[in-house]
Every structure is written in structure tokens, then in C-alpha cells.
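So the chains spell out like this:
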Amino acid sequence: MDKILEALVSSSHPVTVKRAIVKKVMEAAEKEVTDEQCQALYHLTTRLILLGEDAFQRQVGLQVQEAYARYHRDEFARFFSKEYVFGLLQQGYGSLDRRDPVILDFLHGSLRLLISCPAVLDLAPQLQTEVLRIICERPEPAICAKLAIILTDFPQCVPREKAGVLFCHQLVRTFAYFHCTATEERELREYVTQVSRVSALLQGIWKSEPTMLLPSLQEVFAIISSTDPSFEPSIALASLVQHIPLQMITVLIKSLTTDQNVKDASMTQALCRMIDWLSWPLANHVDTWVIALLKGLAAVQKFTILIDVTLLKIEQVFNRLWYPIVRQGALVVLSHMLLSFQHSPEAFHLVVPHIVPLVQSLKNDGISNSKTFLLQFTELIHCMMYQYSGFPDLYDSILESIKDLPKPSEEKIKFVLNQSAWTSQSNSIASGLLQLTGKSETGKTGLVNLGNTCYMNSIIQMLFMATDFRRHVLSLPLNGSNTLMKKLQLLFAFLGHTQRAAYSPRSFLEVSRPPWFTAGSQQDCSEYLRFLLDRLHEEEKTLSALQVTSPKPAPAPPSAEIVHNAVSQQVADAPSHSDPVVAEGDGHTLVERMFGGRLSTAIRCLQCCSLSEKEEPFTDLSLAFCPSMSQPQGPTDEYKGSSTVGPCQGAVNGGSECSEGSLKEGAGTRMERPVVEPTLSVPDLVDYFLAPETLENDNCYFCECCGSLQRAEKVMRVVEAPEYLILTLLRFSYDATCHVRRKILDNVGIPLHMCLPLCQHGSSASSSSSTSAASSLSDSPESGENLAKKLKPSLKEEGEKDSRTKSEKNCCDSEVLSVPYVLSSVVMHSGMSSESGHYYSYGRNVSSTDGFVAQLCPKALGNSSLSEVSTVPQEDIGCADRKSMDWFLFNDSRVTFTNFQSLQNVTSHFPKDTAYVLIYKKQEVSGQPSNAGTVINGSRLSGEPPLQKELMDAITKDNKLFLQEQELNARTRALQATSASCSFRPNGSDDNEPPGSCGPSGGGGGGGFNTISRLVF
């Protein structure tokens, strides 16, 4: 077989013929082949892979070797022996040098073919030795990147114990030789990718073996503090900084700055090189480490080093402000260096000539975040000119360039200068980013934005605020399972009980993200919600079916009293057949019990008056805007001048969020927008959804009685009200002229309380009615947006309606009850399209008995306006709730108190911020049995259910880690306060801690390779 294959690939036959024969050779691998034939084929395919003359030969070698290794793995393991691997790594292969990346690619591919074979474990010790030898030879970044891929996929090949410490040392030192000689964008991309892969390998080693972290950091410092003039370490070392835990920063900096063995020259060199790292585009927290070292040196009064480094590097740091990808970190360092250098204007005057050109560039560069950056930069300049007044010849041009920008107050300038002096640094070595803070004053936990995941964060917070659903999820016995519901249960447990300010939902994102969603891109939160609920529903159905068919002991039957109570409860609450408090095992999934309702669709032929009716399940109602209500267009004329002035709640990219504090600070400089009262309300859209639709013209109905297409009337009615009513406002309409989806920016009024008309059937459904009460939530063809694409009846039909006979009306009309609902959560969309923008949500805890108690009000079908409430006028309902701070604003990591009035006015103040998804909770109705609380295994829970042991253990472990981090930080600050007792402060009350960060910002918007041409090396 090997002779045939060798002759074939070198022949002159057409490629199609060659491919056909190669396919036959691969199919032959399924049959019995002698060991001798296998070895011959493996040798041939290896030669084709490594020394193939063209891509076709190399591809044939890979395909054939993979096919035979799959069916004859033992023979391949004997071929890929220790001796063979040793020869490849020591001597190379043929004309290939042992350092050729192709050999490492072949090694990686062969190991993957043996991934589940014991032969990999046999090879591991030898590979550990060879890997260490290769690293000691200081290979190029390409070789190191190949090794990193192999070791990441096969961690058993990473050197261990003492050899592991030596390996980390040598790998860090190899980083120092990763100098970039690339000039083209493609080469820059490749270089950065290679460095990132190797740094990720070190991160993985440090996580699995924490004892290797400190020796590695010592080696990093030894490299950057070297005073050897013939050696300049690579800036690629900056990529390691982002993998160092921030909680170690104070301990490490204190150790460095107080170590008597570290000479001033070495410390100066190390600090200068860390400042050079600001040019590395993808490293996080470099500015944090630089400022921490500056503050640490000030705490031990190493002012000579600070002066030398500031005067030497201040212009270089300023020049980094020209590059958007690194300017934010550079500004933080520049601010600290200038504000702390208060004994002389020398440092500030070094950068004065460069200020005006930078300001002009920031005004005109068109980058989205340049305006915010410019405000921060001008505030710094005002502080410095205030500190060093008396140089009008230097400052006149600067004042002219920033005259139209806001100036900070004198009190703020004094405060900034007082807390920034070197004599004030000893009380806080770590910057604000380090300060570990617990939950906000709200007691709620935010969710970290993992890169344009605000669509998921807003939905998760909305579901978490659905009290009864949350309690059910937390009470499910899911120990040991690995289902999506278990992941949601764990996420809810952390949101409710972690002590962290924000929790990272990475594991839940990975299992809940729809397969067609592109990672890192903005998505539709409504689409994600439907997918999530459908997944949970189908998963529970599948597990229930498996439990029914599995030969397990049947659970004890419920007592007669429980059965009687459950039956009487269903009879008493006839409108709702999916009560959330029904004991488990009623045949409905949790999603059906919480969010499931039923719609009845009736179509009446206007010719013969025959009626066809069917029922379908739904989990949300998609509410369309009437064509006469709104047009899908940009901001109205009154907003054209103001819609682009101030930022909305989030960035247009949807990944990074704008903190609420920054919005408030800039409020004084924005034009005041006119407050426009909404002309529509949510009840109006629901009324429009339930209004009759005329089927005519091209949309005529085929009547079976008439046997032809006829004009007909289509009516939808809610026949089963869900416990949680999810309403999606269809704000994204397709513009056939421009072939794009545009957003409808109409301000829709959101009532705190509303009623949903519920039809009580007095007669059985027709022959076309649906008979399955527990059908799939996703089976309905009209469960999506098409449910809401309805038209108002025409004037012609109105006349026909009036001419109907009394008997015709009786067969269709039903008694209508008003089911009361109270608002629970609202997801807001900030932006102009479904593919961009930012999501955030408002929510509050609402259970079955919260809010008001209403009467079930029979209404005529034609008088079913949701704005009519049978108890109290809408204006008086919840008037106290509008001002009380019982609402929460969830904006990724940030959670703040708010009120209902703020929710109602957000679109008036920010026209691009509109309500998108709403959840209303069904309320208790007087005269019916109380449904308060949650029933689990026959026991009613009036509050939060106790956490199961598995959940409690996970939370306890994480909270202990968090407390250890807090304790370490507190002890470090106490030591710093002791050493600072003799420091001079102009004001006795200036030792307050600087305000902490609100946590990681979402998405890391901007940067990346969008500005690859501006990378600085």
C-alpha cells in the first residue's frame, strides 16, 4: 500500500484522480493491515508531512496517517516511540533542522492521535526533559509559541517540581529575548499572537502550581533591574503582568522597596522598563503596577529615584497619549507622575509644548472615546497650571485650546493636589483598581461583562429578580448533575450569596450561548431569553422522560389531602392552569409553570360565519407598533441636536459600559433635553396585539365550509395567564427601502400595574383546536415576532361586524376577566440597532402578594382595554413607589438604587434608551386561595429557600478566598499607616481612601486589533 501511495503522489495524474485513489487508500485502513504495512505507511506519511514537495503531498500525508492511526493505534504508538521522538527533537528530520517549527507541528499532531492512549504518559518524562532543553536554548517566539500549544494541550508534558521552577525561570528569561523586528501589520499580528500564547502557558502553570509564581516574578525583576548596558530586555515581558494576581501587588511592592539588597540603580532601571511596558498594546494592569511602585518608593522616601525617573520618562509617557490603544493607561501614569511631582514645575514644563497639538488632535480624530479622554486630560492640565501659576507665556496657547471645555472647581483641584503629593503616598500604596470592595450599598451582585455580554447579563438579572422563579430554581435537587439548570442554579446562588461586588458568569455563558451567536459580538437579548427558556424547558422534559422510563423506585404517592388541595386549587383558579406553587410532578416543566401561558386563535369566515379555533402555548408576547403609531427612523427633529451630545447608558458597541457617575458629572455641560411624555403605553400595545385582524386581499383565508378563499376575521385571546408575563416590544423594523433593520424610538409608557384580559371559555373548542395541554413551548409557529404582526380591522369589516346575527356573536364571544399584574423587571436597550448598543435592566423583588389586590372583573370582549383597572385609578396606584428607592439598576458590574420614576423618564432624557423586554408578575386576586410563597415537596416557602450543601460549599469556598484577599489588603494598609505616621500632610483630614473602582468594566470596548497600525513597540 505504501508503494502505491508513494508512486501515486509523485505521478503526473490529474489531482482529481489522485484524490480518488487516496480516498480508497484511506478506506482500506478500516480493514486488517499487518504491522509491517502499518509501519511502512507511517514512515511514508511522515516523510510526506515533513518533506512534501507541495501542499497536496503534505495534505495526503496528514489524511492517510490520521486514518491509519485511528484504526491501528497500537501500531502507531509503536512507531511514535521514545527513540523516534528523541531523534526528531535532537537531530531533526532529513534536511529539516531540529528547531524547525514543522517538526513541532508534527509532534503536536502525533500526540493528538494518541491523546487517549497510555503511550502519551510514557512519552511525558522524556518530553519534559526535551522541552526544558529547548527553552534553555532561547528559541525564537515562533518555536516558543509552538511549544506553548503542545504544553497547553498536554499539560502532563510540562516539567514538574524543581525542573518546573527551572523551566519557568528559563521561559521568563526567554521572554526577555522576544524582540520584535516586524514592520508589516501581518507580522505584528503574528508576533503579538505568539507572545500571547507563551504568556498564557505561564499563566496556566502559575494557576496549577502557585508555588512557581513567586520565583518567576523574582526572575522578572532580576531581568528588568539589570544594569548591564549590553542587554536590553524585550517589552514582551509586559504580557506577563496581566497574569499576576492583583492582590499580591502590595506585598510584592513593599518587599521590593524595603529590600536593602536592591540598589537604587537597579530599582531605577526596573521602574524605567516598567514604564516602557505602557507601549505594549494587550497587557492589562501595567499602569497599576507602575503606580504601585511609584507610591511604594514614595512611602520609603526614595525621592531621588522618583525625580530621576520622572524627568527621564515623562515625555515618553506623554507620547503614548497619541495612541488610542494604550492612551488610557498612559494617562493614569502621567497624571500620577505630574500630580506627585509638586516640588518643581520642571516635569510639567517638559510636556507643555506638546499639549496644544494633542488637544487639537483629540478634538478632530473622530474616535468615540476621545471626548471623554479629553475631559480627563484637560482636568489634569488645569490642576497643573493652578499648581504652577505665573507662566502666562507658556499657558496662553493652552488656555485658548481648552477654553470651550469644562474647568474643575478650585476645591476639586486642591483636593486632587493634596492627595497626590509624594508625602501623601504612604497611606495607600495600591491604586484604586486594587482596592477589593464588597457588594454595593444595594446588597445586590453585578455581573462582569465578558466582552459584549450585556445581553446575557441583563436577562440573567431580570430572571433573578423574578422571585418565585428564583426560589424554585434554588430549591431544585440537582446535586451532582451537569445540566443547564444546574449552571443557572449555581449562578443564582452566587448572585444571592457571594460577597463580591461582581460575579463572572463565564461558565454559564459557555453553556447557554446559542450556537449561532458569535462570541464577542453584541446579540439580541430577547432572542437569548427565548433560547434559554426553551433549552431549560426541553432539558427538563427530556430528564423527566428518562426518569419515567428508567427502572427506579417510584416516589411515595402524595397524600390524599395534598391531592385534594391541589385539585381544589386548580378548580378555584380556573384561569391559570400553570400555577407556580403546584407541587413538582404535575407534568409541567418549571418554565411552563412560571412563564407559560396559552393563546387561543379564532378565525371566522365572513361569508358563512364558520369558526375555527385552536390553542397554542407561549412564553412571551411580542408586541408590535401600529404602522400609524410610529415609523422606524432615527431621532426626531427635537432630538437631532441633542441625541449625540451626551452618552447613553452604554457604548454603541455594546461591550463597554459608561459608568453612571461619569454621566452625572457631565450633566452640567450638556444641553437640557425636552421631556416628552409618551403617547403610547404598554397596555396600548397589548390591546393592539389582541385586536381583531382582517384577512383579505392577498391574505385571504381558505374556508373549508365554503371551499374557497374568503375574507375572514382573526382574533387572538389569552385563555391561560402566565405567572410571569414576558412582553417584548418589537422595536426593530425592517426598512425595505434601505434594506436594514431600524429601531423604533417611540417613548412607550410603562405602568407599574396593569391587567391582562383573560377569556373564559364557555364551550368546547372546535375540531381544529389544539388538544395537547403540555405541548412544547417552541412548537408554535406564531410564538415569535409573527404573533404581533397584526392589522386593525378595516372600515368595511366594521360594518359587517354590526350586521352579524345574535347567534353568530354568541358562538365567539366569551366572558373576559382582568388578571392583575405588577411590574417586576425591564430590560433597556441603548442604541440605534439590534446589532449594536448596550443592554441594562431595572428590577425589583416582586412575589405573588406584592403590590395591590384586585378583583377579577368580567368584561365584554369588545371592552378589554388593559388601561382599565377595577380597583384604584392607575394614577393613584403605587404613587409612593415612584419616588421610593426600591428599584435596582443593573448595568453589568454596577448595581445602584433607583426608583420607578427614573425608569419611566429614562427615554425622555436619553432618546436612544428604550424599554425592550418587560416582565410583569401576576398578583393575588381577592376571593381566591392564597398562592404566596413556593411549594417544594409539599412544604410552602415564604422566603428564600435554604441553600443545598453543594451550593453552600462552593459559595463558602469563594467567600473565604475573598475574605483572605480583604484581610491581606487591610493588613497591608495598616502597615503602611504605621510607617506614615511621621509624614507631613497639609490638612489633617486628607488621609481618606480614594474612591474605589466599581469593578471590571464590561467588554473592554475599543482597542484590540482595530488599531493595529498604531501598535507601539
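Note that residues are indexed from 1 along each chain, following the sequence as it is written. Local features in this predicted model are restricted to residues of pLDDT 70 or higher, and side-chain atom pairs are both shown and tallied only at a pLDDT of 80 or more, whereas totals for entire chains, interfaces and linings draw on every residue. Side-chain numbers come from the whole structure's heavy atoms, not from hydrogens or water.

Novice: So, the overall build of the protein chain: which residues are in play, and what are the values?
Specialist: The numbering of helices and of strands both runs from the N terminus, where a helix is a DSSP run of H or I of at least 4 residues and a strand a run of E of at least 2. Counting its regular elements, the protein chain contains 37 helices and 22 strands. For the protein chain, the residues scored as buried account for 52% of the 1017 residues in total. We call two residues in contact when some of their heavy atoms are within 4.5 Å. Within the protein chain, contacts between residues separated by at least 24 positions form 79% of all contacts whose residues are at least 6 apart in sequence. Here, Shrake-Rupley sampling with a 1.4 Å probe gives the accessible areas, and only protein chains in the shown set may cover a residue. Surface summary for the protein chain: the accessible area is close to 45,500 Å², and the carbon and sulfur share equals 53%. Working definition: with a 1.4 Å probe on protein chains only, accessible area under 20% of the residue-type maximum means buried, over 50% means exposed, and in between means partly exposed.

Novice: Kindly report on the confidence of the model for the protein chain, identifying the contributing residues and their values.
Specialist: The quantity called pLDDT is the predictor's confidence in a given residue, expressed from 0 to 100. On average, the protein chain scores 74 in pLDDT, and the residues at 70 or more come to 72%. A low-confidence stretch, residues 424–436 stays under pLDDT 50, and its non-local contacts, those more than four residues away or across chains, total 52 contacts. In the model, residues 630–675 has pLDDT below 50 throughout and makes 94 contacts with residues more than four positions away in sequence or in other chains.

Novice: Describe the sheet that holds strand E4 (residues 611–618), and please don't skip the residues or the numbers.
Specialist: Two strands make a pair as long as DSSP finds a minimum of two bridges between them. Taken in spatial order, the four strands make up an open sheet running E4-E3-E10-E7, and their pairing is antiparallel. Both outer strands of the open sheet, E4 and strand E7 (693–695), are each paired with one neighbouring strand and no more. Mean inter-strand twist for the sheet, computed between neighbouring axes without regard to direction, equals 25°. As paired strands, strand E3 (residues 597–605) and E4 are joined by eight bridges and run antiparallel to one another. Residue Gly-597 lies in a different strand from E4, and its bridge partner there is Phe-618. Every axis corresponds to a line fitted to the C-alpha atoms, with the helix fit spanning only the stretch in contact, and the corresponding angles, defined between N-to-C directions, vary from 0 to 180 degrees.

Novice: An account of the packing of aromatic side chains is needed here, citing residue identities and associated values.
Specialist: Centres within 6.5 Å are what make two rings of Phe, Tyr or Trp a pair, Trp counting through its six-membered ring; a difference in plane orientation under 30 degrees is then read as stacked, over 60 as edge-to-face, and the rest as tilted. Evaluated as defined, the whole model comprises 25 aromatic pairs. Here Trp-516 and Phe-531 contribute two aromatic rings whose centre-to-centre distance is 5.3 Å and whose plane-to-plane angle is 85°, an arrangement assigned as edge-to-face. Here the residue Trp-516 occupies a position in the loop between helix H26 (506–512) and helix H27 (525–549), and Phe-531 occupies one in helix H27, the gap between them amounting to 15 residues. Among the residues examined, Phe-531 registers a relative accessible area of 15% and is labelled buried. Chaining the aromatic ring pairs together yields one cluster made of Tyr-42, Phe-76, Phe-79, Phe-80, Tyr-84 and Phe-106.

Novice: Explain the pattern of salt bridges to me, using residue names and the numbers behind them.
Specialist: By definition, a salt bridge exists where a carboxyl oxygen of Asp or Glu is found within 4 Å of a side-chain nitrogen of Lys or Arg. Scanning the model with the defined rule gives 29 salt bridges in all. For the salt bridge of Glu-723 with Lys-921, the shortest nitrogen-to-oxygen distance reads 3.2 Å. Of this pair, Glu-723 sits in the loop between strand E10 (712–720) and strand E11 (724–729) while Lys-921 sits in strand E20 (residues 913–922), placing them 198 residues apart in sequence. Note that Lys-922 is salt-bridged to Glu-723, the shortest N-O span being 3.0 Å. Placement of Lys-922 in strand E20 and of Glu-723 in the loop between E10 and E11 is noted, with a sequence separation of 199 residues between them. Each member of the pair, Lys-922 as well as Glu-723, carries the same accessibility label: buried. When salt bridges that share partners are traced, they join Arg-98, Arg-99, Glu-130, Arg-133 and Glu-137 into one network.

Novice: Please provide a residue-by-residue account of the nonpolar core, values included.
Specialist: Each nonpolar core is a collection of buried residues, namely Ala, Val, Leu, Ile, Met, Phe, Trp, Tyr and Cys, held together in the definition by side-chain atoms within 4.5 Å. If you look at the biggest cluster of nonpolar residues, it comprises 149 residues, and the most contacted ones within it are Tyr-68, Phe-80, Trp-277, Phe-348 and Phe-377. Looking at this core element by element, the count peaks at nine residues for helix H15 (residues 286–299).

Novice: Give me the packing of helix H23 (residues 454–464) against H27: which residues, what numbers.
Specialist: Between H23 and H27, whose axes approach to 9 Å, the crossing angle comes to 55°. It follows that H23 is oblique to H27 by the angle criterion. For H23 against H27, the interelement crossing comes out right-handed. Listed contacts from H27 to Tyr-455, Met-456, Ser-458, Ile-459, Ile-460, Met-462 and Leu-463 of H23 are Cys-525, Tyr-528, Leu-529 and Leu-532. In this classification, Asp, Glu, Lys and Arg are treated as charged, Ala, Val, Leu, Ile, Met, Phe, Trp, Tyr, Cys and Pro as nonpolar, and every other residue, Gly included, as polar. Among the residues making up the contact of H23 with H27, the classes are represented as ten nonpolar, one polar and no charged. An angle below 35 degrees is treated as roughly parallel, one above 145 as roughly antiparallel, one from 65 to 115 as roughly perpendicular, and anything else as oblique. In this scheme the crossing of two helices becomes right-handed for a clockwise turn of the near helix relative to the far one and left-handed for an anticlockwise turn of less than a right angle.

Novice: Outline the environment of Asp-276, listing residues and values.
Specialist: For Asp-276, the location among the structural elements is in helix H14 (residues 264–276). Since its relative accessible area comes to 19%, Asp-276 is described here as buried. Put simply, Asp-276 and Ala-238 are 38 residues apart on the chain and 8.9 Å apart in space, counted from C-alpha to C-alpha. The contacts of Asp-276, once residues within four sequence positions are left out, are Ile-235, Lys-313 and Gln-316.

Novice: Can you tell me about helix H25 (residues 484–497), naming the residues and giving the values?
Specialist: For H25, spanning 14 residues, the distance from its first C-alpha to its last is 20 Å, which sits close to the expected 20 Å at 1.5 Å a residue. Judged by how many residues are buried, H25 sits mostly within the fold: ten of 14 residues are covered. Within the span of H25, buried status applies to Leu-484, Met-485, Lys-486, Leu-488, Gln-489, Leu-491, Phe-492, Ala-493, Phe-494 and Leu-495. Helix span is expected to be 1.5 Å times the residue number reduced by one.

Novice: Can you explain the environment of Lys-162? Please cite residues and give values.
Specialist: Turning to its location among the elements, Lys-162 is positioned in helix H10 (residues 161–175). Looking at Lys-162, the relative accessible area reads 75%, which means it is exposed. In the structure, Lys-162 is positioned 50 residues away from Met-212 in sequence and 9.6 Å away in space, judged by C-alpha atoms.

Novice: Give a detailed account of H14, specifying residues and quantitative values.
Specialist: Here H14 is 13 residues long and its end C-alpha atoms lie 18 Å apart, about the 18 Å a rise of 1.5 Å per residue gives. With respect to burial, H14 is a largely interior element, ten of its 13 residues being buried. Restricting attention to buried positions, one finds in H14 the residues Ser-266, Met-267, Thr-268, Ala-270, Leu-271, Cys-272, Arg-273, Met-274, Ile-275 and Asp-276. Where H14 is buried, its residues meet helix H12 (213–224), helix H13 (249–258), H15, helix H16 (303–319) and helix H17 (327–340).

Novice: Run through the pairing of strand E15 (residues 753–760), naming residues and quoting values.
Specialist: Put simply, side chains in a regular strand alternate between the two faces of the sheet. Of all eight residues in E15, seven are buried, a share of seventy percent or more. By the bridge criterion, eight bridges tie E15 to strand E16 (residues 815–830) in an arrangement that is antiparallel. Note on E16: the bridge partner recorded for Gln-760 is Glu-815.

Novice: Any details on the pairing of strand E13 (residues 740–743)? Residues and values, ideally.
Specialist: Pairing geometry for strand E12 (residues 732–735) and E13, over four bridges, is antiparallel. Paired with Phe-732 across the bridge in E13 is Lys-743.

Novice: Mind laying out the environment of Glu-527, listing which residues take part and the relevant values?
Specialist: Relative to the helices and strands, Glu-527 is located in helix H27. Given the relative accessible area of 34%, Glu-527 is considered partly exposed. Taking the C-alpha atoms as reference points, Glu-527 and Pro-514, 13 residues apart in sequence, are found 9.0 Å from one another. Those residues within four positions of Glu-527 in sequence are excluded, and the remaining contacts are Trp-516 and Phe-517.

Novice: Describe the packing of helix H8 (residues 119–136) against H10, with residues and values.
Specialist: Running from amino to carboxyl end, H8 crosses H10 at an angle of 30°, the nearest separation of the two axes being 9 Å. Between H8 and H10, the crossing angle belongs to the class labelled roughly parallel. Viewed along their axes, H8 and H10 form a crossing whose handedness is left-handed. Here H8 contributes Val-131, Leu-132, Ile-135 and Cys-136 to the contact with H10, which in turn contributes Ala-163, Leu-166, Phe-167, Gln-170, Leu-171 and Thr-174. Looking at the contact of H8 with H10, its residues break down into eight nonpolar, two polar and no charged.

Novice: I'd like a description of the state of the cysteines, backed by residues and values.
Specialist: Two cysteine sulfur atoms make up a disulfide if the distance between them is within 2.5 Å. Per the stated rule, a full pass over the model turns up zero disulfides. This cysteine, Cys-608, is not joined by any disulfide, and Cys-706 carries the nearest cysteine sulfur, 3.5 Å off. With relative accessibility at 35%, the residue Cys-608 sits in the partly exposed group.

Novice: An account of unusual backbone geometry is requested, with residue identities and associated values reported.
Specialist: The residue Arg-138 is not glycine, and still its phi comes out positive at about 55°. Inspection of the secondary structure puts Arg-138 in the loop between H8 and helix H9 (141–153). With phi around 55°, Asn-452 is a residue other than glycine that occupies positive phi space. With respect to the secondary-structure elements, Asn-452 resides in the loop between strand E1 (446–447) and H23. Taking relative accessible area as the criterion, Asn-452 reaches 13% and is therefore assigned buried.

Novice: Can you lay out the side chain of Arg-320 for me, pointing to particular residues and giving the numbers?
Specialist: Looking at the secondary structure, you find Arg-320 in the loop between H16 and H17. Residues counted as positive are Lys and Arg, residues counted as negative are Asp and Glu, and His and the chain ends are not counted. Although Arg-320 is buried, it makes no salt bridge; Asp-276 carries the closest opposite charge, 6.6 Å away.

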